[in-house]
Amino acid sequence: MTIVRKEIPYGDSTLVLETGHIAKQASSIFVSNGESQALVNITSSAQPKDLPFMPMTVEYQERAYAAGRIPGGFFKREGRPKAEEIINARITDRTLRPLFPDGFRREVQIILTVMSSDGAHEMDACCLSAAAAALGISDLPWAPDGPVAGVRTARINSEWVINPTVEQREASDIDLMVGCSSDAIVMVEGGANEASEADVIEGLYLAFDAAQPIIQAIVEI
């Protein structure tokens, strides 16, 4: 398998999407944001399931070793998913699931594993983009009109920032996670202290514009 690597400017960092290097038995993308890294693997059943819904499972996993820690004390293993992990998995699911064709019933598993964390750059939006790229290189009939990408944006001191750090998010008054296609916004998750409709729309447009180079890179992959 040929190794393909794309580097996309992403706020104050660089988003790197790479495939063909590891996890070759799955549709996989290795994604980096700063010194934070994650591996996205997608597998599917060969035959459809006799179910009244699409059997897709999304798991977002932040391993303790990603931050250089080993669980200790009474619990010496990784436990159940944290609330943030569940939310991130649902964000990915909400963005990707509607882009499968109606009646699609093959079982799909999307596993997003944070392998390394630098403590500043988060991987939630990056993993959404990587999952879209992994679906794009798979044999699944997904997104016939083109892929999607995830972008996080926040407003700090009246200025919008793409790919805010953890510290910047804590100081922000609007924090948005946006899933975008080449011609539409397909998913929004976020929060704000108080914000006008115009301010939120400004953030959405900014995220949409920032998503387009990522979408183009996914198409090239």
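Coordinates for the structure precede this section.
Residues numbered from 1 in each chain as written. Predicted model: local features only at pLDDT ≥ 70, side-chain atom pairs only at ≥ 80, totals over all residues. Heavy atoms only, no water.

## Structural notes on helix H4 (residues 197-220)
Between its terminal C-alpha atoms H4 stretches 35 Å, which fits the 34 Å expected from 24 residues at 1.5 Å a residue. Along H4, the residues classified as buried are Gly203, Leu204, Ala207, Phe208, Ala210, Ala211, Ile214, Ile215, Ala217 and Ile218. (Helix = DSSP H or I, 4+ residues; strand = E, 2+ residues; numbered from the N terminus. Expected span 1.5 Å × (residues − 1). Buried < 20%, exposed > 50% of the residue type's maximum accessible area, 1.4 Å probe, protein only.)

## What to know about the nonpolar core
The biggest cluster of nonpolar side chains holds 57 residues, and the ones touching the most others in it are Leu96 and Ile110. Here the element with the most residues in this core is helix H2 (residues 124-137); it accounts for 10 residues. Contacts of Leu96, omitting those with residues within four sequence positions, involve Ile110, Leu128, Ala131, Ala132, Leu135, Trp142 and Val148. (Core = buried A, V, L, I, M, F, W, Y, C linked by side-chain atoms within 4.5 Å. Contact = heavy atoms within 4.5 Å.)

## Some details on the state of the cysteines
Under the defined criterion, the tally for this structure stands at zero disulfides. The closest cysteine sulfur to the non-disulfide-bonded Cys126 is located on Cys127, 7.0 Å from its own sulfur. Of all cysteine sulfurs, the one in Cys126 lies closest to Cys180, which takes part in no disulfide; the gap is 14 Å. The exposure class of Cys180 is buried, given its relative accessible area of 0%. (Disulfide = S-S within 2.5 Å.)

## Observations regarding the pairing of strand S8 (residues 159-162)
Of the two faces of S8, the one holding Trp160 and Ile162 is buried and the one holding Glu159 and Val161 is not buried anywhere. When strand S7 (residues 149-156) meets S8, the two strands line up antiparallel, connected through four bridges. Bridge pairing in S8 places Thr153 opposite Ile162. The antiparallel pairing of S7 with S8 creates a hairpin that spans two residues between the two strands, and Asn157 there sits at a positive phi of about 50°. (Pairing = 2+ DSSP bridges.)

## A closer look at H2
End to end, H2 covers 20 Å across 14 residues, agreeing with the expected 20 Å (1.5 Å per residue, within 8%). In terms of burial, H2 is largely enclosed, as 12 of its 14 residues are buried. For H2, the complete set of buried residues consists of Asp124, Ala125, Cys126, Cys127, Leu128, Ser129, Ala130, Ala131, Ala132, Ala133, Ala134 and Leu135.

These values are about where atoms sit, not about what they do.
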